[in-house]
Amino acid sequence: MNMLVFEIPSIAMYILATVLMVKNKEKISNIIWTLAVLCNGVVVLNNWIINGYVPFVSMYQVLTFLALMFAPIYLFMKFRRDGAWMKGYFCVAAAFCMTGVCFMSGRGKWHFPPALQSIWFVPHILAYMIAYSLVVVAFIITVIGFFKDEGFRKKADLGVYNLAVAAFPFMTMGMFFGAIWADAVWGDFWSFDAKENWSLVTWLMLILYLHFRREEKLKKYAKVFIVLTFIGVVVTMLFVNMMGGSSNHTYSM
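Going along each chain's sequence as written, the residues are numbered from 1 onward. Reporting in this predicted model follows two pLDDT cut-offs: at least 70 for local features of residues, and 80 or more for side-chain atom pairs to be given and counted; totals over whole chains, interfaces and linings ignore these cut-offs and use all residues. Side-chain metrics in this entry use all non-hydrogen atoms of the structure; hydrogen atoms and water are not considered.

Visitor: Please provide a residue-by-residue account of helix α6 (residues 150–186), values included.
Guide: With 37 residues, α6 should reach 54 Å at 1.5 Å per residue; the first-to-last C-alpha distance of 51 Å fits that figure. Here the bend at each residue means the angle between axes fitted to two seven-residue stretches, the one ending at that residue and the one beginning there. Helix numbers and strand numbers start at the N terminus; a helix is a DSSP run of H or I with at least 4 residues, a strand a run of E with at least 2. The sharpest bend along α6 measures roughly 25 degrees and falls at A167, with the proline P169 sitting one to four residues further on. Capping the start of α6, D149 holds a side-chain oxygen 3.3 Å from the backbone nitrogen of G151, two or three residues further along. G187 lies just past α6 and shows a positive phi near 80 degrees. The span expected for a helix works out to 1.5 Å for each residue beyond the first. Two N or O atoms count as a polar contact when they lie within 3.5 Å, although within protein this holds only if one can serve as hydrogen donor and the other as acceptor, and sequence-adjacent residues are included solely when both atoms are side-chain atoms.

Pasting the structure below:
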């Protein structure tokens with residue numbers, strides 16, 4: 001079956017749910033978001049079944065799974081970090097990811113390289129996907145905050161900080177698991193290839209945000225590092241793969 005039958009409706013419903021959230025139509029927006037997640041889930045499940053492994057190899061697989069993750073991560077932020085007001089931002093982030101899916105190759109059965117056949121395959125990528133999901137939402141809220149009033153900016157500042165605090169341990173775990181995996185496969189914990197370097201830059205930008213955010217004199221500059229962290233995520237996930245080169249990770253497009 002052509003998965004566009006589920007991908008396109010999922011995108012449309014994510015967008016519609018976001019619009020309805022903005023208009024404070026709580027019940028109908030929740031229903032439509034749930035339907036979008038179900039369509040998204042069908043795509044992920046299809047990828048999983050036809051390939052026989054957790055669909056984390058091609059960018060098509062990764063983006064479909066990433067889009068699916070915004071809903072459960074939102075629920076965590078809602079109940080543990082007082083993040084109910086962030087719902088629309090999580091939903092629109094899922095819409096962006098699913099839209100990106102339409103431009104990716106990798107549908108159908110995908111080669112599973114021997115280097116990926118490791119116990120670290122799932123924890124490494126899953127940790128990064130959780131971290132990157134949180135960073136994407138933090139970036140969206142930060143950008144929106146530039147155009148809002150002081151009241152929103154204060155709420156957004158705390159919300160972005162909570163998102164970053166949640167993202168940091170997962171980004172750290174992703175790098176740690178990746179280093180162990182790299183040593184097992186390539187004989188070295190770190191080879192300084194493009195993807196590893198950019199993942200390190202992204203991690204450092206997030207650290208700088210957290211440090212600047214806690215220092216009163218530097219706090220006003222902290223938002224710059226959220227933007228730079230997001231840019232690092234985009235480069236690490238997409239641009240490094242597109243540029244190819246000598247990276248050991250270019251098989252994942």
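Anyway, onward from the coordinates.
Visitor: Describe the nonpolar core, and please don't skip the residues or the numbers.
Guide: What is meant by a nonpolar core is a set of buried Ala, Val, Leu, Ile, Met, Phe, Trp, Tyr and Cys residues, joined one to another through side-chain atoms within 4.5 Å. The cut-offs for exposure are 20% and 50% of the maximum accessible area for each residue type, with area from a 1.4 Å probe on protein chains only; residues under the lower value are buried, those over the upper are exposed, and the others partly exposed. By size, the foremost hydrophobic cluster in this structure holds 83 residues, and its most contacted members are Y14, W33, F70, F90, L163 and Y209. Among the elements of the structure, α1 (4–22), α2 (26–51), α3 (59–80), α4 (87–101), α5 (121–145), α6, α7 (194–214) and α8 (222–243) are those that each provide at least two residues to this core. A per-element tally of this core places α5 first, with 15 residues. Residue contacts are counted whenever heavy atoms from the two residues lie within 4.5 Å of one another. If we ignore the near neighbours within four places in the chain, the residues touching Y209 are D157, V160, Y161, A164, A222, F225 and I226.

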